[in-house]
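Read off the chains here:
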Amino acid sequence: MDSPVDENDDVFFSLRSTSAGAGTTSTAGHSYPSQLSSDFLSFSPPSSNLERFVESSEDEDEERNDLLRNDAVSVESASKRLDYMLQFLNRKLSIDSPPANSLFDSYSARNDDESSSKPPLPEFIAKGGGTGIFKLPVRAAVHPNRPPSLEVRPHPLREAQIGSFLRTIASAGSQLWAGAESGLRVWDLSDPYAAAAKNAQEDSLPFWESVRTPPTLCLVVDESSRVVWSGHKDGRIRCWKMEQSGNGGSQFKDGLSWQAHRGPVLSLVMSSYGDLWSGSEAGVIKIWPWEAIEKSLSLTTEERPMAALLVERSFIDPRSQVTVNGSNNVLTSDVMYLLSDNSRAKVWTAGYLSFALWDARTRELLKIFSTDGQLENRVDISAVQDLFVDFVPGSKKEKPQSSFGFFQRSRNAIMGAADAVRRAAVKGASGDDNRRTEAMLMTINGIVWIGCTSGLLVQWDGNGNRVQDFLYHSSAVQCLCTFGMRIWVGYLSGTVHVLDLEGNLLGGWVAHSSPVIQMTAGAGYIFTLANHGGIRGWNVASPGPLDNILRTELAGKEFLYTKVENLKILTGTWNVGQGRASCDSLTSWLGSVSSDAGIVVVGLQEVEMGAGFLAMSAAKETVGLEGSSVGHWWLDMIGRTLDEGSTFERFGSRQLAGLLIAVWVRNNLKAYVGDVDAAAVPCGFGRAIGNKGAVGLRIRVFDQVICFVNCHFAAHLEAVNRRNADFDHVYRTMVFNRPTNLFNAAAAGASSAAQVLRGANAGVSYSAEGMPDLSLADMVIFLGDFNYRLDGISYDEARDFVSQRCFDWLRERDQLRAEMAAGNVFQGMREAFITFPPTYKFEKHQIGLAGYDSGEKKRIPAWCDRILYRDSRSTSGSECSLACPVVSSVLQYEGCMEVTDSDHKPVRCIFTVDIARVDESVRRQELGEILGSNKKIKIMLEELCKIPETIMSTNNIILQDLDTSILRITNKDGKKDALFEIICEGQSTVKDDELTSDHSPIGSFGFPRWLEVIPATGIIRPDHIAEVSVHHEDFQTLEEYVDGVPQNCWCEDSRDKEVILLVKVRGRYTTESRSHRVHVRHCFSVRMKQNNRERDSKQIQGTVLQRSDFQRLSSSYDMVNRLQNIPSP
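All of these numbers come straight from a predicted model, not from anything done at the bench.

## Focus: the overall build of the chain
Looking only at helices and strands, one finds 25 helices and 57 strands in the chain. When burial is assessed residue by residue, the chain has 56% of its 1129 residues classed as buried. Taking the contacts inside the chain whose residues are at least 6 apart along the sequence as the reference set, 67% of them involve residues at least 24 apart.

See the structure below:
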């Protein structure tokens, strides 16, 4: 269920109002969309592959199975659409018009097999609904206040995900990878509008799962090697082949894994030189060189243990370079985020309150600074380099500087501990630190963006200088994503904002009903992962004009993907007066009428009372404890009455002092009911003690939200205003416990500090609409001892009217009915007509109506115990649809007068509920058909996806030692910006015969260490030129590391090298790119020959291409001709 957006909220687009009467066709006095008739008449199931299967008898068995599976899915999808259309017509033709009455209403029963034979009871409707906090949530076939989305994985039930919550996502070409608590999951995005797999448990796109692993905390994609790297709670890094993930539906296995850290792997990134960086707790950073990874990936399956050992021992500890200067105390916080600046060949590492900037090529620390931009320490790089040049490994016994090293390490440890204490003290003094970093990214123009707990967005340049701040939302930032010239921001409230590169807000909407914890870009969509596990895709051009067209088209096909379910809900309330019920009483109250119920909800009051118990209950609530032995007794007894285990299963309960509520679900409905959350609101003794108050449960049923609230309000005849105030307090302040980052972080294995920080933030109820939780539900049922009495009547008069069963006159004296009619309480809610005697107050164990209180006080009989509700209807005649998803009526409302175990009689109410839900698999297919068939949409997409024309100044460059060449990229388009990215397609060695070996790519298309390309990404304005520096670095030596210790193995390769630079150019919204190849050769052999032979200056100059030369070269043939003219020695 998605949180609605108030109609008055500012949104990023103007809504097109769709008239209900426009484009309708009339049949038998009923109107329905004209689109229905045309679609229905022209509808035919998708063509079958069976004919091709029979004719191509020589095909492989696997291909045949795939065809059969696709046919089965297609036939099932077609059958669903036909069923939904027939159901739609049936509803249109069978709904009777309800009587026009402002206060009394009955909802017509459904005339199908699922409907009860009993007619619904007439109802009383309170005034005051539809405004303020009692305004109904906005519902529609397509949400009016956000762009249409691609439902990759519709909101799954929390109970179905225990132990397998998704925590992170990453896009890999045409695949979407997700890291879960139990492994990895992969979706194929080559057909993002496919139907769900046949017999799938959820309506998500077809997917594959890996073998079980410890919780996955982070993912990084290496497109060049076609692998995905994952970091896990157990400290291991695992490698997964992209091609392996989709083989035959079986669980796929990792190709390589090793023990990377003692603690969890919190972050991963691949640098612009192909190295894999990993971060863990306490500031631990390790670099896994590409050379070792490449060698390990080349080994066979049988050599996997050797490959793992090779990588595991090859790591580099970059912090070892700064401990010498005594500055490692600022690198002790958990490394929560790693960011590669491919534009400037740098790597950012970040904790919650500090950052470090590293050189990706030399792996040296450049800068350490806080979230305020203040330098915390500056490192003398030259001193560090000198130290390692003179390093010679020796035996463990040879430690000439052991004393100095011991004291130095001790000093560093003490300073690190002091720094940790200082940070903890600062946090403790200021509470939740709103400056804490929650997300970071780098945009294509080289700017780094940081998202903070306070909702602040901070802009930094590539050198770590704070530039500008932006604040558009008070909720905490959870994730950031960029595509083209836009920035996407995901918040704890479930809201998504879209900004341009200058920080201007372009639009925003409520994307999910829970925090947006991760985002990634791929296949033309921005995918958002919600904390509840749902994944949605948003078009990269949103917000934009395409959204309105899609919304209108998709809403017009509502009847094709809407299914209406029907179930019965049995609710019961009983003030048990601190007593215990017999089995016969429970059977009479609940067991006798539960046979048809799908859900049973029971609310009890005064389970236990007394000053001591109330004080103990209040104390337990402060530390998060609830429940009592008597409460458990009641739950067990009711469970036995309902045949718990074989027929029903208890889904949740909540107790506050003497208040207790519980819900049971029939076994055949368990797959459609879940996300059970609880709440409690004390109203007694200064709103702190639970002798009066409310407890509630919130559940999702067929994707719609229903809340049950058990109340016990202020007593005594004259306390009407106090009772009204109790209701208002409960309605406004009831906050249901939602899934939080604290809950999932504990399962995923994040550090304890991270759990506390995120948990403190996520435990608060955030509503993007600023509405109470109860206002956002599709249906709310209030039950309990409301304590409203009868006014203006004596005890004897009341007894006489009851004995004569003159309830109409008594209802006129009912305080609750009067207050509801005046709009003072339970605004907009409904109650079935009361046709049973008052349920209060009786002498215990006295049978019949003679049991009314005959003691000294002679309390006037009253209907204290009531059950009221509110569904999705704004008017009495509203029918069940996606715009009005829950429509209910009362079949039975009665008191159990034969039960004598308390001074109150139990009350029960049976609802029949129609619930409209979306078949996400069918709607996903409809979205794909609209995108592929609508001419206007196709024209808009073609225009958005145009790639600007660009030209290169050359496609061949020759470099010698420390040479720098300027590559110019010209945008010839006069209107559109061109976005470019330069990657290294591969490196090869030039042989003596001037032929090159096969070009082998470096990890993540990184550059070789002898080459520097700056900037590697950027934006070219229309009719402008971008200049890129292609520079040779003097880095011909490689230093091998074993267990983080340099071994001084100097390896020098004097052969010429050649790389192919791929300049990828695309537009603002295009996922495809136009590529230009530039060959860059480093002529090392020329320098060697120059050192051995004397040459005149003209000969030397003749071997080097100057800038003016390569700027005129237009093709590889020009380069070859020029090389042939170089004088031979």
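Here the narrative resumes.
## Here we look at the sheet that holds strand β9 (residues 207-209)
Read across the sheet, 4 strands follow the order β6-β7-β8-β9 without closing on themselves; strand pairing throughout is antiparallel. Edge strands, defined here as strands with exactly one partner in the open sheet, are β6 (166-172) and β9. Pairs of neighbouring strands in the sheet enclose a mean axial angle of 20°, with direction left out of account. Where β6 lies against strand β7 (residues 175-180), 6 bridges are found, and the strand directions are antiparallel. Residue pairing in the sheet places Thr168 in a bridge with Gly179 of β7.

## Things to note about the sheet that holds strand β50 (residues 1017-1020)
Spatially, 5 strands are ordered β46-β57-β56-β48-β50 in an open sheet, and the strand pairing comes out mixed. Where the open sheet ends on each side, the last strands, each with one partner, are β46 (956-959) and β50. When the angles between neighbouring strand axes are averaged without regard to direction, this sheet yields 25°. Where strand β48 (residues 978-989) meets β50, 4 bridges bridge the pair, whose relative direction is antiparallel. Counterpart to Glu981 in the pairing with β50 is Thr1017.

## As for the nonpolar core
Residues Ile599, Val701, Tyr893 and Phe911 are the most contacted members of the largest nonpolar core, which totals 51 residues. No other element matches the 5 residues that strand β44 (residues 907-918) contributes to this core. Among the nonpolar cores identified, the runner-up in size contains 42 residues, and Ile287, Val347, Ile969 and Phe1007 belong to it.

## Regarding the packing of helix α8 (residues 545-555) against helix α20 (residues 920-933)
Between α8 and α20, the least distance of the axes is 10 Å, while the angle of their chain directions is 125°. If you check the angle between α8 and α20, you find them oblique. The two elements α8 and α20 meet at a crossing, and its hand is right-handed. Contact residues: Leu550, Glu553 and Leu554 in α8; Arg923, Glu926, Leu927, Ile930 and Leu931 in α20. When grouped by side-chain class, the residues that make up the contact of α8 with α20 number 5 nonpolar, no polar and 3 charged.

## Re the packing of aromatic side chains
One pass over the structure, following the stated rule, counts 36 aromatic pairs. Geometrically, the ring pair formed by Tyr731 and Phe782 is stacked, given 6.5 Å between the ring centres and 20° between the ring planes. Placement of the pair is Tyr731 in helix α14 (residues 720-733) and Phe782 in strand β40 (residues 779-785), with a sequence separation of 51 residues. When its relative accessible area of 2% is taken as the criterion, Tyr731 is described as buried. On the numbers, 5.1 Å between centres and 75° between planes, the contact of Tyr869 with Phe911 is edge-to-face. A residue pair is termed long-range when its members are at least 10 positions apart, and Tyr869 in strand β42 (residues 865-870) and Phe911 in strand β44 qualify at 42 residues.

## Topic: the pairing of strand β25 (residues 466-471)
Sheet analysis places strand β24 (residues 456-460) next to β25, joined by 5 bridges and oriented antiparallel. Opposite Leu457, over in β25, you have Phe470 as the bridge partner. Connecting the antiparallel pair β24 and β25 is a turn made up of 5 residues, with Gly464 showing a positive phi of about 85°.

## Quick look at helix α11 (residues 611-622)
With 12 residues, α11 should reach 16 Å at 1.5 Å per residue; the first-to-last C-alpha distance of 17 Å fits that figure. Considered for burial, the residues of α11 that qualify are Phe613, Leu614 and Ser617. Buried residues of α11 fall within an arc of 100° about the axis and therefore sit on the same side. Of the exposed residues in α11, those oriented more than 90 degrees away from the buried face are Ala611, Gly612, Met616 and Thr622. In this fold, the buried residues of α11 make contact with β35 (648-656) and β38 (689-701). Immediately downstream of α11, the backbone of Gly624 shows phi near 80°, a positive value.

## Let's talk about α14
Its 14 residues place the ends of α14 20 Å apart at the C-alpha level, agreeing with the 20 Å of an ideal helix rising 1.5 Å per residue. Taken together, the buried positions of α14 are occupied by Val720, Arg723, Asn724, Asp726, Phe727, Val730 and Tyr731. For α14, the angular spread of the buried residues around the axis is 155°, confining them to a single face. In α14, the exposed residues that point more than 90 degrees away from the buried face are Asn721 and Arg722.

## What about the packing of helix α4 (residues 290-298) against helix α5 (residues 304-312)?
Packing of α4 against α5 brings their axes to within 9 Å, and their N-to-C directions diverge by 175°. In terms of axis orientation, α4 runs roughly antiparallel to α5. Residue-level contacts link Ala292, Ile293, Lys295 and Ser296 of α4 to Ala307, Leu310 and Val311 of α5.

## Things to note about the side chain of Gln655
Structurally, Gln655 can be placed in strand β35. Here the side chain of Gln655 touches Ser628 through a polar contact of 3.0 Å, side chain to side chain. At 3.0 Å, the side chain of Gln655 forms a polar contact with the backbone oxygen of Ala657.

## Some words on the pattern of salt bridges
Side chains that differ in sign of charge can pair as their charged atoms come close. Applying the stated criterion across every chain yields a total of 40 salt bridges. Measuring nitrogen to oxygen at the nearest pair gives 3.3 Å for the salt bridge that ties Glu1033 to Arg361. Within this pair, whereas Glu1033 is found in the loop between β51 (1025-1032) and β52 (1037-1038), its partner Arg361 is found in the loop between β19 (354-359) and β20 (365-370), the two being separated by 672 residues in sequence. Arg361 matches Glu1033 in its accessibility class, with the two residues each being buried. Between Asp372 and Arg435 there is a salt bridge, with the nearest N and O atoms lying 2.9 Å from each other. Of this pair, Asp372 sits in the loop between β20 and β21 (375-377) while Arg435 sits in the loop between α7 (402-430) and β22 (437-442), and the two are 63 residues apart along the sequence.

## Description of the environment of Met306
One can find Met306 in helix α5. For Met306 and Ser296, which are 10 residues apart along the polypeptide, the C-alpha to C-alpha distance reads 8.0 Å.

## Focus: unusual backbone geometry
Of the consecutive residues Ser542 and Pro543, the connecting peptide bond is found in the cis state with omega at -5°. Of note, Pro543 is situated in the loop between β32 (535-539) and α8. Put simply, Ile1014 and Pro1015 share a cis peptide bond, and its omega is -10°. Despite not being glycine, Asp675 shows a phi value in the positive range, around 50°.

## Focus: the confidence of the model for the chain
For the chain, the average pLDDT comes to 80, and 75% of its residues sit at 70 or higher. A low-confidence stretch, residues 1-59 (pLDDT under 50), is modelled with 113 contacts involving residues beyond four sequence positions or located in other chains. A low-confidence stretch, residues 425-432 (pLDDT under 50), is modelled with 3 contacts involving residues beyond four sequence positions or located in other chains.

Rules behind the numbers
Residues numbered from 1 in each chain as written. Predicted model: local features only at pLDDT ≥ 70, side-chain atom pairs only at ≥ 80, totals over all residues. Heavy atoms only, no water. Helix = DSSP H or I, 4+ residues; strand = E, 2+ residues; numbered from the N terminus. Buried < 20%, exposed > 50% of the residue type's maximum accessible area, 1.4 Å probe, protein only. Contact = heavy atoms within 4.5 Å. Pairing = 2+ DSSP bridges. Axes fitted to C-alpha atoms, helices over the stretch in contact; angles between N-to-C directions. Core = buried A, V, L, I, M, F, W, Y, C linked by side-chain atoms within 4.5 Å. Parallel < 35°, antiparallel > 145°, perpendicular 65-115°, else oblique. Left-handed = near helix turned anticlockwise from the far one by under 90°. Nonpolar A, V, L, I, M, F, W, Y, C, P; charged D, E, K, R; others polar. Phe/Tyr/Trp six-rings, centres within 6.5 Å; stacked < 30°, edge-to-face > 60°. Expected span 1.5 Å × (residues − 1). Arc of directions from axis to C-beta. Polar contact = N/O pair within 3.5 Å; in protein donor to acceptor, adjacent residues only side chain to side chain. Salt bridge = Lys/Arg side-chain N within 4 Å of Asp/Glu carboxyl O. pLDDT = per-residue confidence, 0-100.

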